Amino acid sequence: MARGTAVVTGASSGIGAATARRLAAEGFDVVAAARRRDRLDELAASMPGIRAVTLDVTHPASIAALAADLDDIAVLVNNAGGAIGTESVADARPDDWRAMWESNVLGVVQVTQALLPALERGAGGHIVVTGSIAGHLVYEGGGGYTSAKHAVAAVVETLRLELNGRPVRVTEVAPGMVATEEFSLVRYRGDRAAADKVYAGVEAPLTADDIADCIAFAVTRPAHVNVDLLVVKPLAQAAPHKVHRTTTA
Ligand code: 8X3
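Bear in mind that the values here come from a model prediction, so they are computed numbers and not experimental data.

Rules and cut-offs
- Residues numbered from 1 in each chain as written.
- Predicted model: local features only at pLDDT ≥ 70, side-chain atom pairs only at ≥ 80, totals over all residues.
- Heavy atoms only, no water.
- Helix = DSSP H or I, 4+ residues; strand = E, 2+ residues; numbered from the N terminus.
- Rg over C-alpha atoms; globule rule 2.2 N^0.38 Å.
- Buried < 20%, exposed > 50% of the residue type's maximum accessible area, 1.4 Å probe, protein only.
- Contact = heavy atoms within 4.5 Å.
- Areas by Shrake-Rupley, 256 points an atom, 1.4 Å probe, with all protein chains shown as cover.
- Lys, Arg positive; Asp, Glu negative; His and termini not counted.
- Charge placed at Lys NZ, Arg CZ, Asp CG, Glu CD.
- Core = buried A, V, L, I, M, F, W, Y, C linked by side-chain atoms within 4.5 Å.
- Pairing = 2+ DSSP bridges.
- Axes fitted to C-alpha atoms, helices over the stretch in contact; angles between N-to-C directions.
- Near = heavy atom within 4 Å.
- Polar contact = N/O pair within 3.5 Å; in protein donor to acceptor, adjacent residues only side chain to side chain.
- Nonpolar A, V, L, I, M, F, W, Y, C, P; charged D, E, K, R; others polar.

Asks: So what about the overall build of the protein chain? Which residues, and what values?
Replies: In terms of helices and strands, the protein chain carries eight helices and nine strands. At 17 Å, the protein chain has a C-alpha radius of gyration in line with the 18 Å of a compact globule built from 249 residues. Expressed as lengths along the three principal axes of its C-alpha atoms, the size of the protein chain is roughly 50 × 35 × 35 Å. By the burial criterion, 50% of the 249 residues in the protein chain qualify as buried. Nonlocal contacts in the protein chain, meaning residues at least 24 apart in sequence, comprise 68% of its contacts between residues at least 6 apart. For the protein chain, the accessible area works out to roughly 11600 Å², and carbon and sulfur atoms hold 54% of it. The protein chain carries 23 positive and 28 negative side-chain charges, and their two centres are separated by 2 Å.

Asks: Got a sec to walk through the nonpolar core? Specific residues and values, please.
Replies: Among the nonpolar cores identified, the biggest contains 32 residues, and Leu23, Phe28, Val30, Ile211 and Ile215 are the most heavily contacted of them. Secondary-structure elements contributing two or more residues to this core are strand S1 (5-9), helix H1 (14-25), strand S2 (29-34), helix H2 (37-46), strand S3 (50-54), strand S4 (75-78) and helix H8 (208-219). Looking at this core element by element, the count peaks at seven residues for H8. Filtering out sequence-adjacent residues up to four positions away, Leu23 remains in contact with Ala6, Val8, Phe28, Val30, Val77, Ala216 and Val219. In terms of nonpolar packing, the next biggest core, distinct from the first, is built from 27 residues, Ala33, Val111, Ile127 and Val152 among them.

Asks: How would you sum up the sheet that holds S3? Please name residues and give values.
Replies: Hydrogen bonds along the backbone pair up the strands of a sheet, which may run parallel or antiparallel. The strand order across the open sheet built from seven strands is S3-S2-S1-S4-S5-S6-S7, with neighbouring strands paired in parallel fashion. Whereas interior strands pair on both sides, the edge strands pair on one side only; in this sheet they are S3 and strand S7 (229-232). Neighbouring strand axes in the sheet, compared pairwise and without regard to direction, differ in orientation by 15 degrees on average. With five bridges joining them, S1 and S2 adopt parallel strand pairing.

Asks: Any details on unusual backbone geometry? Residues and values, ideally.
Replies: Not every positive phi belongs to a glycine, and Arg189 is a case in point at roughly 55 degrees. Turning to its location among the elements, Arg189 is positioned in the loop between helix H6 (183-187) and helix H7 (192-197). By relative accessible area, which is 34% here, Arg189 ends up partly exposed.

Asks: Give me the lowdown on the environment of Ala68, citing residues and values where you can.
Replies: Here Ala68 lies in helix H3 (residues 60-68). Judged by its relative accessible area of 69%, Ala68 is exposed.

Asks: Describe the site of the ligand, naming the residues involved and giving the relevant values.
Replies: The ligand sits among Ser132, Ile133, Ala134, Tyr139, Tyr145, Pro175, Gly176, Phe183 and Arg187. For the ligand, an oxygen atom lies 2.5 Å from a polar atom in the side chain of Tyr139. Contacts to the ligand include Arg187, whose side-chain N or O atom sits 3.2 Å from an oxygen atom. Look at the ligand: alone it shows 250 Å² of surface, and the protein chains cover 87% of it. Among the residues making up the shell around the ligand, the classes are represented as six nonpolar, two polar and one charged.

Set out below in structure tokens:
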């Protein structure tokens, strides 16, 4: 079944790549957008229905080029973003916070602004944002990330109010612990041992496919059904810091 075009940002790995694959399998023509073109080309070659487009969500010219390339679109999955650093607020590096706010917040805002006309041109559009439980709770050492994710959660809520009466749905999917190749590695600045420790002894962290499944659920509901917020954690995680482990690292 042809479902229209779905744009997925941050599609070069993790949740973004899994979402691009899943939405293509659901019948969307997927535009997989990210900075790393080599990875996108591999993704596009892995199955039909995925087209690679180079995009940096922090560069207005890059976003404008994406928008100029699109006619009407059905779905925008604002997924690009991530966490950098684990320092306390007292010791945080402002440049890390700037980068997190640029990608997780302003990136979502600017891509949404640019693609809103295309979302409204067709039969009805859907904006999905990959948020986080960090957008609804805070934890020590996470101030830059939790503040950025709280901000984007507020943007999502605001957008839904402002778009009320127009044919555009707005959804936040807020994952907890998802084991992906890069998320924790970037957070721990490339320290593989520290990154692996996050998942140590956790029987079954979520996978990128689990989140892609939630996104697919939201965007394949009938057009009058708006899934506002899906908070999704593995069974082993009751809160960011409350995780059941079968072994200790
Ligand atoms: C990732 C979830 O718990 O590391 O967005 O903040 S958490």
